[in-house]
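One letter stands for each residue in the lines below.
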Amino acid sequence: MLTSTYTHIPGIGKTIEKRIWESGHCQWDEYLENQDHISIPATRKEKIEKGIIESKDHLAMRDYEYFARCLPGAEHWRAFEHFSDSVAYVDIETTGLSANSSCITVVGIYDGKDAKTYVKGIDLDDIVEELQKYELLVSFNGARFDLPFIQHEFPEIDFNQLHVDLMYPLRRIGLSGGLKAIEKKLGIQRTDDTVDITGFDAVRLWHEYERGSEEALDLLLEYNREDIVNLETIINKTYQQFIERTFEKALGK
């Protein structure tokens, strides 16, 4: 999808992108070969040609920071296919909803193979180095909650990666509500131990752990691990729908 994207090019908006898509020459290379036959002002064609050449160079260099800067935040998902081999699925647990009055208790990071959980008072500081390893982050409601919460506690972290907050593209294909509700709609099952756990239970489990219950921490970590692993399952199940819905909406289908 990234190589059919034009709105990251300065001066090019959704209207011009739509015209390119309507021409049937969506891909960058297709556009370059057929631009003379596409009804776009010449001044815009110059910008697009320059933008495509620049974009191809940055993509060949895997310059994720370039696309993170240039793509509208709501469209970072378009780069997923090209950077999914350097992805971190991220989810946090906290003692409350406000970073000013609450703290992070657990951070889960899943790279598609290994699920790692970092715990307050044990190894939470290790996330600073860990998060720097990835070119793309995937979360659910992370733009408003997880990432700002992390940055409040760890201001040294520079979130310069691409970031796919799944909540928004999922809404575009009709999947709204919380993460657990969306999992159910997609047929994703949790273990018997965690199926009924909520965010409020996560806070309770942390306080039980503080009072000495290692079992409570184990359950909290299992709950968090399922969150991050399921994010991968969700995006793999729905990504093609994101693409189809984007074209359908733009082309009025």
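As the structure is a prediction and not an experimental result, all values here were calculated from the model.

What counts, and where the lines are drawn
Residues numbered from 1 in each chain as written. Predicted model: local features only at pLDDT ≥ 70, side-chain atom pairs only at ≥ 80, totals over all residues. Heavy atoms only, no water. Core = buried A, V, L, I, M, F, W, Y, C linked by side-chain atoms within 4.5 Å. Buried < 20%, exposed > 50% of the residue type's maximum accessible area, 1.4 Å probe, protein only. Helix = DSSP H or I, 4+ residues; strand = E, 2+ residues; numbered from the N terminus. Contact = heavy atoms within 4.5 Å. Phe/Tyr/Trp six-rings, centres within 6.5 Å; stacked < 30°, edge-to-face > 60°. UniProt positions renumbered as here; feature names shortened; annotations may be inferred. Patch = residues over 30% accessible without salt bridge, like charges linked within 9 Å, V, L, I, M, F, W, Y side chains within 5 Å. Areas by Shrake-Rupley, 256 points an atom, 1.4 Å probe, with all protein chains shown as cover. Salt bridge = Lys/Arg side-chain N within 4 Å of Asp/Glu carboxyl O. Lys, Arg positive; Asp, Glu negative; His and termini not counted. Charge placed at Lys NZ, Arg CZ, Asp CG, Glu CD.

**Q** Give me the lowdown on the nonpolar core, citing residues and values where you can.
**A** Formed by 50 residues in total, the largest nonpolar core has its most connected members in Tyr-6, Ile-48 and Leu-166. Element by element, the count of residues in this core is highest for helix α11 (residues 214–250), at eight residues. Contact partners of Ile-48, with chain neighbours within four places excluded, come to Tyr-6, Ile-9, Ile-12, Ile-16, Ile-20, Tyr-31 and Ile-40. Residues Phe-145, Leu-147, Phe-154 and Phe-159 belong to the second largest nonpolar core, which totals 21 residues.

**Q** Would you mind going over the packing of aromatic side chains in detail, with residue names and values included?
**A** Under the defined criterion, the tally for this structure stands at eleven aromatic pairs. Both rings, one in Tyr-66 and one in Phe-67, keep their centres 4.9 Å apart while their planes meet at 85 degrees; by these two values the pair is edge-to-face. Both residues of the pair, Tyr-66 and Phe-67, count as buried.

**Q** Tell me about the UniProt feature "domain: YprB ribonuclease H-like" (unreviewed entry) in the protein, and name the residues and values.
**A** Mapped onto this numbering, the UniProt entry annotates "domain: YprB ribonuclease H-like" (unreviewed entry) at residues 88–238. End C-alpha atoms of residues 88–238 are separated by 18 Å, and the span's content is 44% helix alongside 18% strand.

**Q** With reference to specific residues and values, describe unusual backbone geometry.
**A** Of note in this structure, Arg-62 is not a glycine but carries a positive phi near 55 degrees. Take Arg-62: it is sitting in the loop between α3 (42–60) and α4 (64–70). Non-glycine residue Asn-141 carries a positive phi angle of around 65 degrees. Residue placement: Asn-141 occurs in the loop between β4 (136–139) and α7 (142–153).

**Q** Can you explain a negative patch on the surface? Please cite residues and give values.
**A** On the surface, a cluster of negative charge is made up of Asp-125, Asp-126, Glu-129 and Glu-156. Within the element layout of this structure, Glu-156 appears in the loop between α7 and β5 (162–165). The partly exposed category is assigned to Glu-156, whose relative accessible area is 48%.

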